[in-house]
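Fold and geometry: a report
Letter by letter, the chains look like this.
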Protein chains: 2
Amino acid sequence: MGVQERRAREKQELKQEILAAARDLFVHEGFENVSMRKIAEKIEYSPTTIYLYFQDKIDLIDLLCEETLLRLEGRLIAIRVAHPKPIEKMIEGLRAYIEFGVKHPSDYRISFMMEFKDLVESGRNLKCHEIGQRVYQAFRSDVAECIDTGVFAPQDLEATTQCIWAAIHGLVCLLITRPHFQWADRELLIGTLVGSLVEGFKVPAPVAVS
Amino acid sequence: MGVQERRAREKQELKQEILAAARDLFVHEGFENVSMRKIAEKIEYSPTTIYLYFQDKIDLIDLLCEETLLRLEGRLIAIRVAHPKPIEKMIEGLRAYIEFGVKHPSDYRISFMMEFKDLVESGRNLKCHEIGQRVYQAFRSDVAECIDTGVFAPQDLEATTQCIWAAIHGLVCLLITRPHFQWADRELLIGTLVGSLVEGFKVPAPVAVS
DNA sequence: TCATTACACTTAACGGTGTTAAGCAAGTAC
DNA sequence: GTACTTGCTTAACACCGTTAAGTGTAATGA
């Protein structure tokens, strides 16, 4: 009896259709302007149908976030393969991260700019958290490689990794939330940030203390 | 006839009371969980009363944003006075910015992490925009001073200013939105970022291009 | 002193949000 | 052919920002 199989397949298809509609709306209507009702309207089902496929809005967004992180991870893995030299791997990885964020602002917002405080504190475990950790660990390995091969001066691995991530995240954030600011030429901006970051960590631990 | 004066004064007092209540709620309940109705409840007036004092929620938030930026500006001006040496002025200014954001996450969210795209495009002019520009220009002067005095290598002023701002903004953002991440020691983190940033701009234009 | 006017504020409502409970109609199973 | 399962919908709840209309009180002018 292939009935159950067909049903399961159809259920999975509609679930994917909902996710696709949601992502499309996020991209075209903006993060704040997407409601469950609008998603439902787009797929031509009643709003409550979505709740047969997702626990709630957070659950839906979580899956979108997971998809996004998987795409970013794939992009970064490709760069690691293409650039064996640690310094190039680092520079191209940072560039790719920034360009990913700028190119997919809605996806980036969902994955990196949403407030997670309440969610984490509610004890809920998100699918995207796991893969987010994986992407971070991989990046930390890249930083470690730079330190180990002498490209970077010996410094606290965790702090260094987090500083670099924070810096490039900051640029993506501002480019997304302040698109009308008097930004310098984008290529110059990205090049300057990545270049200075790498340069700043070449010299030994210049921790600025008061 | 001091009636009008008294009335004007009372109106101003209630306006300030509303602002204070709003800020208090933002701080204690979190940015997303504050509604006009809750603000009204806190000051023990009906929700619609707020609309006699503010155009809408954006208007209210705009004034809060302005207040916040004025406080930050004051903080940074004090540091400029206390540290005449360009390099110290830069380092302490960056530290102060980060610490301001970490210490007042709700205020920082309102001023620097809110989506402004739709607002700017609607042609509305916000009070906080003007002073935000002023704070940016002052910071750019600090960067220019570092370049002019040879602390930083000669580089594009605008790009350099924006990169440094983006980097410290990124750290504040992540510390706010991801408080449960496995952060390195906060002092080490801040010191590392500020130190590496300054170090990275000492060497001549290391713009990383693909 | 009394009618009028101005003002501060409220009540009621609109259209929107995320979400849940109950119901309906068609397909499957015996 | 009847009972049960499944997929979806309708109706509703409590919230949101916001507006229009109404209310009562205080100030004003005769």
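Rules and cut-offs
Residues numbered from 1 in each chain as written. Chains lettered and ligands numbered in written order. Predicted model: local features only at pLDDT ≥ 70, side-chain atom pairs only at ≥ 80, totals over all residues. Near = placed C-beta within 6 Å. Helix = DSSP H or I, 4+ residues; strand = E, 2+ residues; numbered from the N terminus. Nonpolar A, V, L, I, M, F, W, Y, C, P; charged D, E, K, R; others polar. Least-squares fit on C-alpha atoms with pLDDT ≥ 70 in both. Buried ≥ 20, exposed ≤ 12 C-beta atoms within 10 Å, placed from the backbone. Contact = placed C-beta atoms within 7 Å. Core = buried A, V, L, I, M, F, W, Y, C linked by C-beta atoms within 7 Å. Axes fitted to C-alpha atoms, helices over the stretch in contact; angles between N-to-C directions. Left-handed = near helix turned anticlockwise from the far one by under 90°.

Around DNA strand C, 19 residues are found, and the nearest of them are S35(A), M36(A), D56(A), K57(A) and S46(B). Broken down by secondary-structure element, the contributors of at least two residues to the surface near DNA strand C are α2 (36-43) of chain A together with α1 (3-29) of chain B. Looking at the surface near DNA strand C residue by residue, the class counts come to 8 nonpolar, 5 polar and 6 charged.

Moving on: the relation of the copies chain B and chain A. The transform that puts chain B on chain A rotates by 180° and translates by 0.0 Å along the axis, for an RMSD of 0.0 Å. Such a turn and shift between the copies fits a two-fold axis.

DNA strand D sits among 19 residues. The nearest are S46(A), S35(B), M36(B), D56(B) and K57(B). Looking at the surface near DNA strand D, the elements that each hand over two or more residues are α1 (3-29) of chain A together with α2 (36-43) of chain B.

The bulk of non-glycine residues show a negative phi, and the bulk of peptide bonds are trans. All names here are of chain A. One non-glycine residue, E44, lies in positive phi territory at about 60°. Examined against the element boundaries, E44 turns out to sit in the loop between α2 and α3 (57-82). Using a count of 8 C-beta atoms within 10 Å as the deciding quantity, one classes E44 as exposed.

The next subject is the interface of chain B and chain A. Listed by partner, the interface residues are 48 residues for chain B and 48 residues for chain A. At the level of elements, α4 (86-103), α6 (117-121), α8 (157-177) and α9 (186-200) of chain B are the ones that each hand at least two residues to the side of chain B that touches chain A. Ranked by residues supplied to the side of chain B that touches chain A, first place goes to α8(B) with 14 residues. Of the residues belonging to the side of chain B that touches chain A, the class tally is 27 nonpolar, 12 polar and 9 charged.

Turning our attention to the nonpolar core. Ranked by size, the top nonpolar core spans 62 residues in total, and within it A167(A), I168(A), L193(A), A167(B), I168(B) and L193(B) carry the most contacts. Residues contacting I168(A), with those up to four places away along its chain left out, are L94(A), Y97(A), I98(A), L193(A) and G170(B).

The next point concerns helix α5 (residues 105-113) of chain B. Across the 9 residues that make up α5(B), a large majority, 9, are buried. Every buried residue of α5(B) is accounted for by P105(B), S106(B), D107(B), Y108(B), R109(B), I110(B), S111(B), F112(B) and M113(B).

All right, on to the packing of helix α4 (residues 86-103) of chain A against helix α7 (residues 127-148) of chain A then. Residue and element names in this part refer to chain A. It is the contact of α4 with α7, at a shortest axis distance of 9 Å, that shows an interaxial angle of 145°. The two elements α4 and α7 cross, and the hand of that crossing is left-handed. For the pair α4 and α7, the contacting residues are P86, I87, K89, M90 and G93 in the first and D142, E145 and C146 in the second. For the contact of α4 with α7, the residue count by class is 4 nonpolar, 1 polar and 3 charged.

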